[in-house]
Amino acid sequence: MPLTAVLGLSEPADSPGGGDWAWLRGLQYATLRRSTPARLATQAAAALATAMLLAGKVHPLVILSWMVLVGLTQWHVCRVDGSLAAADRRGISPQELRRQTTASVLGALAWALPLWGFGLLVGPQTVVKLWTVLAMLMAASVILLPAVPLATLTFSGIVGASAIGWFLFSGSFDMAAIALLFLAIVLVGAIEGARRHLTAQIAEAGAVEKDEVVSLLLREFEEGEADWLWQIDTARRIRSVSPRFAFALGREAADIEGSPLLQLIAGPAWETGNFPASLHELADRIMARDSFSNLLVRVTIRSEARWWELSGTPRFDANGIFEGYRGVGSDVTEARDNSDKIAWMARYDTLTGLPNRMMLTETLASALEDAARWRTRCAFLMIDLDRFKAVNDTLGHHVGDQLLARVSERLKEQMTENELCGRLGGDEFAVVIRDVTDATHIERVAKRVIERLSQPYEVDHHTLFVGASAGSAVGPRDGSSVEKIMRNADLALYRAKDAGGNAHRTYEPVLHAHAEERRKLEMALRRAVERDEMRLAFQPVVDADTEAVVSFEALLRWQSAEHGAVSPAKFVPLAEDTRLIIPIGEWVLREACKEAMNWPSHIRVAVNVSGEQLLDANFAASVVGALSASRLPANRLEIEVTESIFLRDATQARAALEQVMALGCAVALDDFGTGYSSLGYLRKMRFSTIKVDRSFVQGAATGNVESLAIIRAVVAMADSLGMSTTAEGAETEKEVRVIRELGCRKIQGFFFGRPMAARDAEALFRTRAAQGVA
C-alpha cells in the first residue's frame, strides 16, 4: 500500500478495499475519541514530570504558564477529536483532516518549548531528563494512535526535530545522534503500525461486505420462486425434498422422497429407454462423480416437456466416502423458448416463414465447402418477381404481403431435399442447390419455379398475375466465396430482367465485364453535367399541310470524354435507375428554354420528362425556374410524358402535370398505343397533343390494316377531345402522304429533318426569313 495512502494524502483507486477511502479514513479517525482518556493521562503525567524537573530552576509562574498552554492545546485537540466520533459512519472530509493535523501541530509546538525555552536555565543533566519525557510522549503517541499515522508523525516529527536541533545547538552531538535514531525508529514504527492497522480494517470491511452479499443471496434464494435445492444419495434417490423442488416436479414432497431422480424427470422415456441427450449427460456426470454447473437438461413433468438448469456437487464424509449429490436447479423453459424464438427470427423471414438471407448464406457457405471437399458443384438461384411493384403501388402493401406469402408457399412446393429456398428481401427470393449433378439440373429447377410462380393468384378478391425472373451461378466454378456466387447470380438475374423477364439466365464472365462497364459509365455520367459533356439536339415538328416548322423536340446527347458518343438508349435508363435523371432533366429544361428564346415567338420546344422527374417533389419548381431564368413564355414549353408514368403513382403524376398545365405549359402524351394504353388517362387529363408511335406510321405505309385502324381511331378520338395529333418517324414521302390522308395534324421524322444542333435550328429560321424577304 503506498505511503501517501497510509498517511491519508491520496486515495488510490486500485488499492485493496475499492475506492471508498473517505469511509476508511473515517474508521481511522473515529479511534481518536476512544484513545482520548489515555492520551490525556499521558500528557498530564508528562507535564507534571516536566514541572518537577524545572522546579527550583525556572520561575513558578513561567512553569504554570507553560502548563496552561499545554492544557489549552490538549483541550483543542480533544474538541477536534470529539467532532470525529461518528466518522466511521459518515467518512471524513479533507477539511476535517486538515483541522486534526493542525491541532497535532499546535500540541507538538507546546512540547517543543521546554528544551528551547528552559534549556539554557537548567543543566545538561536536566536537559537529558527532559528529552526522556519527550521520548516517552513520542513512544506513547505511536502506541495510542496506531490508526492515525499523520497525527503521530506530525507530533513526533516536530518534538523530535526540536530536540535534535537543541542538542546540535548545545554541542551535544552524541545526544543529537541518539535523538535522530530514536525519531527514525518512532516514525518507521508509526508508519508500519498504521499500514497493518489499515490493512486489517480493509480486510474486516471486505469480510463484512462478503457476509452481507452472502446473506443477501441466501435471502433472495429463499424468497425466490424459480430455484430449488435438490439432494440425492449414493443410489441416486432423492433425499431431503424441499417444498419448491416438489412443486417443480408437480408432486407432494412425501410422495417423491426416496424416488430415483432420473425416473421422476425422464417421463415416458424411463420405460422406452429413449432418453434425450441431455439426460444421458446428467447421468454420466453423476456416475463419474463430477461437479457440474448450469447443465441444461430436457425433462418431462406431467407429460409436458420442460427445460431445467441444474448445478451439482458430489458430497463426501470426513473419511472421503461418497455420500451423494447436492445442488440447485431452476426451470428455464420460458427463457429457452424465448431463446429458440430469437434464434428462429434470426434465420427465418417473419412474413413468409422462409429462411432469410442469413440462413441462405450459411447454407450456401456449407454447400461450397462440401463442393470443394468432394469435388462436386453447388448452385445459387436468385429469383425476382416481375410486375410485383405494380401490385404494391395499385393495391397496397397489404395485398402485396399476402401475395409474397402465396409465392413462398408455391416456392416451397418445388423444393426437394437437395434444395433450400428462402427470401432475400422485398420481392427477391433464392434457392440453394446443394449438389448439382449435371448442367441441366439448374435449368430444370429454374423452369419449374418460374412456371409455378407465373400462374395466377387469387388474393383478397383480386386475380393477380406476376412472373418471375431467375439468375444462377455455379460454385465453385463461378466463385469460391458466398459473396462472389451471390454477386454473379445477381448479374445473371439482371440480364434476365433486362431481356424482358420471365426467363432464367446463367452467369457468364462477360456479365461481370458488362457490370464493370456499367459502373464506369455511371461514374462518368455523374460528372457529365459538371464537365459540360451534355448537349441538346433539336428535331423539327412540322405542320402536316403547310410543312412549316411549328416546334422542336429537345433530344439529349452525351459526348463522354472517356466513352465517346454514348447512345441515349444506353445512358438514359442508367440515369433513371440511379436517379441521376433528376439533375440531368433539370439541366435539359433550362437549356431547352434558353435556346427556344432564339426562335420565333410562335415556335414551341418539347421536352421529354421521365417518371422519376415527374414524381419528384421539386418538379414543378424546376419548370418554373427554367421559365423564369430564360424568360420563355409558358405556352411555348411542351412537356412530353409516356403512359408508363401513370403505373407508378397515377395520383402524384396527374397532380404534377396539372401544376405544369396551370402555368400555361402544354402536355403531350408520347408513344400512345404501344404499351399501357388506357382511355382513362385521356378522360382525366387534358393533353394538348397525342403522339402516334413510328411503328404504327411504318405499318400504315405498308398497308397494315391494324396500324391504319389504330391511327384513324387515335385521330378521331383526339379531334373529338380537342387534341392535336403528331405522327412520329416519317422517313419517306409515302409515309408522309399516308399520314396526311389519315388526318394527323403534325409530322415529325427524318423526312423533314434529323436532330440538329441549336445553332443549326436557329440558322434554319434565319435562312427561311432570308428566303421570304427575297
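Residues numbered from 1 in each chain as written. Predicted model: local features only at pLDDT ≥ 70, side-chain atom pairs only at ≥ 80, totals over all residues. Heavy atoms only, no water.

**Q** I'm lost on the sheet that holds strand S3 (residues 304-316) in this one. Help?
**A** Note: strands within a sheet are paired through backbone hydrogen bonds, in either parallel or antiparallel orientation. Taken in spatial order, the four strands of this open sheet run S1-S4-S3-S2, and their pairing is antiparallel. Only two strands of the sheet have a single neighbouring strand rather than two, namely strand S1 (227-232) and strand S2 (292-301). Strand-to-strand twist in this sheet, taken as the mean axis angle between neighbours without regard to direction, amounts to 35 degrees. As judged from the six bridges shared by S1 and strand S4 (residues 322-331), these two strands associate in the antiparallel manner. (Pairing = 2+ DSSP bridges. Helix = DSSP H or I, 4+ residues; strand = E, 2+ residues; numbered from the N terminus. Axes fitted to C-alpha atoms, helices over the stretch in contact; angles between N-to-C directions.)

**Q** Would you take a moment to explain empty space enclosed by the protein for this structure?
**A** Per the counting criterion, the structure on display carries three cavities of 30 Å³ or more. Around the largest cavity, the lining comprises 18 residues; the ones closest to its centre are Arg39, Gln43, Ser141, Leu145 and Phe155. Elements represented by at least two residues in the lining of the largest cavity include exactly helix H4 (36-54), helix H5 (60-82), helix H7 (94-118), helix H8 (124-144) and helix H9 (149-170). Within the lining of the largest cavity, the residues separate by chemical class into nine nonpolar, eight polar and one charged. (1 Å grid on protein atoms, 1.4 Å probe; cavity = no way out; pocket = protein on both sides within 12 Å on 5 of 7 lines; lining within 4 Å. Points joined across faces, edges and corners; volume = space filled by probe spheres on them. Nonpolar A, V, L, I, M, F, W, Y, C, P; charged D, E, K, R; others polar.)

**Q** Honestly, the packing of helix H21 (residues 482-498) against helix H22 (residues 509-526) in this entry has me stumped. Any pointers?
**A** How two helices pack is summed up by the angle between their axes together with the distance between the axes. Between H21 and H22, the shortest axis-to-axis distance is 10 Å and the interhelical angle comes to 80 degrees. One element, H21, and the other, H22, form an angle in the roughly perpendicular class. Here Arg487, Leu491, Ala492, Tyr494 and Arg495 of H21 come into contact with H22, specifically with Leu511, His512, Ala515 and Arg518. Per-class residue counts for the contact of H21 with H22 are five nonpolar, one polar and three charged. (Parallel < 35°, antiparallel > 145°, perpendicular 65-115°, else oblique. Contact = heavy atoms within 4.5 Å.)

**Q** Got a minute to help me understand the sheet that holds strand S11 (residues 504-506) in this structure?
**A** If you walk across this open sheet you meet the five strands as S6-S7-S5-S10-S11, and the pairing is mixed. Each of the sheet's edge strands pairs with one partner strand only, and the pair in question is strand S6 (419-425) and S11. Direction aside, the axes of adjacent strands within the sheet are offset by 20 degrees on average. Sitting on the sheet, H21 touches strand S5 (378-386), S6, strand S7 (428-433), strand S10 (467-475) and S11, and the angle it makes with S10 is about 145 degrees.

**Q** Looking at this model, I keep getting lost on the environment of Leu69. Mind explaining?
**A** Tracing the sequence through the fold places Leu69 in helix H5. In this structure, Leu69 is in contact with Ala110 and Leu113, ignoring residues within four places of it in sequence.

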